[in-house]
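Observations on chain architecture
As a plain string of letters, each chain reads:
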Amino acid sequence: MGSMAEPAPHLFEETGVAMRLSPLVRRILAPNPSPFTYHGTQSYVVGTSDLAVIDPGPAEEPHLAAKIGAIDGHRLVAILCTHTHRDHSPAARLLAERTGAPIIGCAPLALSDDGPRADAAFDPDYAPDRILADGEQLAGEGWTLTAIATPGHTSNHLCFALEEEGALFTGDHVMGWSTSVVSPPDGDMTDYLASLERLVARKDAVYYPAHGDPIAQPQRFARHMLGHRRMREGQILRLLERDGPRTIPDMVAAMYVGLDPRLIGAAGRSVLAHLIDLEGRARVRRGDERWSRID
Ligand SMILES: [Zn+2]
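Let me begin by describing the structure that accompanies this report. Residue indices follow the written sequence of each chain, beginning from 1 at its first position. Whole-chain, interface and lining totals are the exception, using all residues; otherwise, since this is a predicted model, local features are given only for residues with pLDDT of at least 70 and side-chain atom pairs are given and counted only at 80 or more. Derived side-chain values reflect all non-hydrogen atoms in the structure, with water molecules and hydrogen atoms excluded from consideration.

**Overview of helix α6 (residues 264-280)**
What sets the pattern is the α-helix's 3.6 residues per turn: residues three or four places apart point alike. Our working definition: Helix and strand assignments come from DSSP, with helices taken as H or I runs of at least 4 residues and strands as E runs of at least 2, each series counted from the N terminus. Helix span, as expected, comes to 1.5 Å for every residue beyond the first. Per-residue accessibility, obtained with a 1.4 Å probe over protein chains only, is compared with the maximum for each type, and a residue is labelled buried under 20%, exposed over 50%, and partly exposed between these values.
Its 17 residues place the ends of α6 24 Å apart at the C-alpha level, agreeing with the 24 Å of an ideal helix rising 1.5 Å per residue. Those residues of α6 that sit buried are Ala266, Ala267, Gly268, Ser270, Val271, Leu272, Ala273, His274, Leu275, Asp277 and Leu278. Immediately downstream of α6, the backbone of Ala282 shows phi near 60°, a positive value.

Below you can see the structure in the form of structure tokens.
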């Protein structure tokens, strides 16, 4: 799950085909298009002899067959997940069963049945064989992947840096077509902004997001994403200053003119995430359903 804008025009890409993006990277589009996934989740295959699969995607047989085809009998060293939304990690287990490869990467989330984390967007069955901490590396013949902790979209989100090509697999932290949904309580805007700052400070040459095309000027793109979030924060503060205490649905209606009705709920979650961040910085306070500004 990811974002909240209408899909932009995009070059046609078939699902089930491994498209080569670089000497070490191929991409396979899953057949799960939606207002939250754009054309679908993109799984990446890294390597030429030893291989890794990043974000195996939804547990759908045609997508599994496409990955098995791309692996083509080579040794699969690892199945890596950036995070555990249902469009990213459920195929990990199927692929592990078919290949014997270990599931390595982000931590599972502690989902409770009654708590707010029992979110339909999360994959409750994700069970990694090994969790990568920030900075930990995994290597196969010809490639090295480094885990970069990037909490915010989810608390367990990792990006993976491919050292040999200066590439960063950004999962849903930075996407190629829209902004990411940050949905509390697991999504955290304070963490998200810090994780964007972290990318701005890096020297990656390209981002490969799980949704949307490769991003060729990554630091500039990450700075633009930070600017977009600051713009939203400024909108919220101005609305509260001008019109006094307001509810989140009021704010969404004022901030997201012409939004696809299917995305109004997600927009409300992002506004809530900004408000919680602002509350933490003593800029706003909440009373019942209404939020007001502290000046
Ligand atoms: Zn996601």
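**Comments concerning the packing of helix α3 (residues 189-200) against helix α4 (residues 218-243)**
Stated precisely, the cut-off is as follows: Geometry is summarised by axes, namely lines fitted to C-alpha atoms with helices restricted to the contacting stretch, and by angles between N-to-C directions that run from 0 to 180 degrees. Oblique is the label for any angle not covered by the other classes, which are roughly parallel (under 35 degrees), roughly antiparallel (over 145) and roughly perpendicular (65 to 115). Crossings are classed by handedness, with left-handed meaning an anticlockwise turn of the near helix from the far one by less than a right angle and right-handed meaning a clockwise turn. Contacts are assigned to residue pairs that have any heavy atoms within 4.5 Å of one another. Gly is put with the polar residues, along with every residue not named as nonpolar or charged; the nonpolar set is Ala, Val, Leu, Ile, Met, Phe, Trp, Tyr, Cys and Pro, and the charged set is Asp, Glu, Lys and Arg.
At a minimum axis distance of 8 Å, the contact between α3 and α4 shows a crossing angle of 155°. In terms of their interaxial angle, α3 and α4 are classed as roughly antiparallel. Classified by chirality, the crossing of α4 by α3 is left-handed. On α4, the residues touching Met189, Tyr192, Leu193, Leu196, Glu197, Leu199 and Val200 of α3 are Gln219, Ala222, Arg223, Met225, Leu226, Arg229 and Arg230. Looking at the contact of α3 with α4 residue by residue, the class counts come to 9 nonpolar, 1 polar and 4 charged.

**As for the pattern of salt bridges**
Filter applied, for reference: We define a salt bridge as a contact between a side-chain nitrogen of Lys or Arg and a carboxyl oxygen of Asp or Glu at a distance within 4 Å.
A full pass over the atoms with the stated rule returns 13 salt bridges. Ionic pairing is found between Arg75 and Asp50, a salt bridge with its closest N-O pair at 3.3 Å. Highlighted residues: Arg75 in the loop between α1 (61-71) and β5 (76-81) and Asp50 in the loop between β3 (42-46) and β4 (51-54), separated in sequence by 25 residues. Among the salt bridges present, the one from Arg198 reaches Asp134, with a minimum N-O distance of 3.0 Å. Separated by 64 residues along the polypeptide, Arg198 in helix α3 and Asp134 in the loop between β7 (130-131) and β8 (137-140) bring together distant segments of the chain. Judged by its relative accessible area of 32%, Arg198 falls in the partly exposed class. Three or more residues are tied together by salt bridges with common partners; here these are Glu233, Asp277 and Arg281.

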